[in-house]
Amino acid sequence: MNIKQLETFLEIARCGSFTAAADRLNATPSTISARIQDLELDLGVSLFDRSQRRVRLTAKGRELQVYAERAIAACAEIRTRVGSGDALSGLVRLGVAELVAVTWLPHFVDLIHRSYPRLTLELQVALTADLQTLMANGEIDMALMPGTRFDPHLATRSLGQVRFAWMAGRGLDLPNRRIEPADFRAIRILSLGKNSFHHRTVEHWLNERGDAPRVVDLCNSMGAVASLTQAGVGVSLLPIQCYRAEIASGALRVLETCPEGPLVEFFAVYAADATTTIPRLLTDLAAASSTFEDALG
C-alpha cells in the first residue's frame, strides 16, 4: 500500500468513475486500474462495486475511505510543515468570479506559482450560482466569489468588500436630483445573468422600496455591461474600484441614489473537510493578494 494508491482510491470515490479519476490525476485509465487492483490485492478485499455505470464503494471501501482521508491529510501536513513549498504538487481547480478575474487574480496566480511552483491551476470564471453548483458537485476545489450565506459544510474567509454604485453614460437623461428605484421605471437596466450574485443585488435594490416595473437586459460579462452603459443603452450597478478611469474621464458618471449602492463582500470558499491543506494555504495567499476593502466589523 502507498500514498499514490490511496490518492487514486479517493479520487475514484469522488468522481464515481475510473476514467474521470484518470483525467483528474493526469494518468492513463490502465494506470489507475492497476493501482486499485494492487491496493485490493494487498488488502484482500474489493473496494468498488463495478456492476453499475457509476462505480460505488463497497462496505470495505467506505471503511477504507475514512483511513485514507486521514493518511492523505497527514501527508499533506508533513509536506506543509516540514517540507518546502516545492514539496506541494498537484492540480487545483479554482472557480473565480469575474470581478476577481479582472482585478487581482493575476497577482494571486503569480503568488501561487512563486510559493508552490509544482502546483498546477485549472481556472474557471463563472457566475456565482454556477460556482456554487461546481463546489457542490465537487468539480472545483476552491472558489473566490461574493455571497452572504454559505453551506455549513464549506469553510469561508472574507477577502474584503467592494462598493458598487449605479452608473450611467454621458448622454442618458436622468432627473437632476437623488435617484430612487422608482425613477428607473422607464429606464433600461443592465445586469449580469440571473445566476449571478450581481443580479440578485440589483433586484434587491430595485425592490427595496416596493416593486417598480422596469426593463432589465441581461449579459454574462461585467465588461460588456460597462461598455453598454457608457454607450447610453441603460444604467447599471458597477464596482467603483474597476472604473475609476472612466469615471474620471466622464465616460461613466456615478449616480447619487437612495438607497446608495451596496457593499458586496467576497470570500474564499472550500470544503471544510478537505483532505489536503492546499485550499487553506491558497486562501491565505488570496487574502494577501486581494485589493478589495477590508471587511467591516
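Keep in mind the model is a prediction, meaning the values are calculated, not measured.

1. Quick word on the overall build of the protein
- If you tally the helices and strands in the protein, you get 11 helices and 11 strands.
- Each principal axis of the C-alpha distribution contributes one length, and for the protein these read about 80 × 40 × 35 Å.
- Buried positions account for 43% of the 297 residues belonging to the protein.
- Residue pairs at least 24 apart in sequence account for 77% of intrachain contacts in the protein once pairs closer than 6 positions are excluded.
- Summing over all exposed atoms, the protein offers an accessible surface of approximately 15100 Å²; the carbon and sulfur share of this is 49%.
- Taking the average location of the 31 positive side-chain charges in the protein and that of its 33 negative ones, the two points are 1 Å from each other.

2. Details of the environment of E77
- Tracing the sequence through the fold places E77 in helix 4 (residues 59–81).
- In this structure E77 comes out as partly exposed when scored by relative accessible area, which is 39%.
- For the pair E77 and A136, spaced 59 residues apart in sequence, the C-alpha separation works out to 25 Å.

3. Things to note about empty space enclosed by the protein
- Enumeration over the complete set of coordinates arrives at 1 cavity of 30 Å³ or more.
- Counted as a void, the largest cavity has a volume near 170 Å³.
- What lines the largest cavity is a set of 17 residues, among which T128, P146, L192, H198 and M222 lie closest to the centre.
- Examining the composition of the lining of the largest cavity, we find that 3 residues originate from one element, helix 8 (residues 197–207), more than from any other.
- Grouping the constituent residues of the lining of the largest cavity by class yields 12 nonpolar, 4 polar and 1 charged.

4. A few points about the confidence of the model for the protein
- For the protein, the mean per-residue pLDDT works out to 89, and 94% of the residues sit at or above 70.
- Confidence, read as mean pLDDT per element, is least for helix 4 in the protein (84) and greatest for strand 5 (residues 142–146) (96).

5. With respect to the nonpolar core
- The biggest cluster of nonpolar side chains holds 65 residues, and the ones touching the most others in it are F108, L144, W166, F184, V235, F266 and L282.
- The element best represented in this core is strand 6 (residues 154–168), accounting for 7 residues.

6. Structural notes on the side chain of T257
- Within the secondary structure layout, T257 lies in the loop between strand 10 (253–254) and strand 11 (263–271).
- A residue is classified by how much of its surface remains accessible, and T257, at 9% relative accessible area, is buried.
- A polar atom in the side chain of T257 sits 2.9 Å from the backbone oxygen of P259.
- Setting aside chain neighbours within four positions, we find T257 in contact with W166, R178, I179 and W205.

Scoring rules and cut-offs
- Residues numbered from 1 in each chain as written.
- Predicted model: local features only at pLDDT ≥ 70, side-chain atom pairs only at ≥ 80, totals over all residues.
- Heavy atoms only, no water.
- Helix = DSSP H or I, 4+ residues; strand = E, 2+ residues; numbered from the N terminus.
- Buried < 20%, exposed > 50% of the residue type's maximum accessible area, 1.4 Å probe, protein only.
- Contact = heavy atoms within 4.5 Å.
- Areas by Shrake-Rupley, 256 points an atom, 1.4 Å probe, with all protein chains shown as cover.
- Lys, Arg positive; Asp, Glu negative; His and termini not counted.
- Charge placed at Lys NZ, Arg CZ, Asp CG, Glu CD.
- 1 Å grid on protein atoms, 1.4 Å probe; cavity = no way out; pocket = protein on both sides within 12 Å on 5 of 7 lines; lining within 4 Å.
- Points joined across faces, edges and corners; volume = space filled by probe spheres on them.
- Nonpolar A, V, L, I, M, F, W, Y, C, P; charged D, E, K, R; others polar.
- pLDDT = per-residue confidence, 0-100.
- Core = buried A, V, L, I, M, F, W, Y, C linked by side-chain atoms within 4.5 Å.
- Polar contact = N/O pair within 3.5 Å; in protein donor to acceptor, adjacent residues only side chain to side chain.

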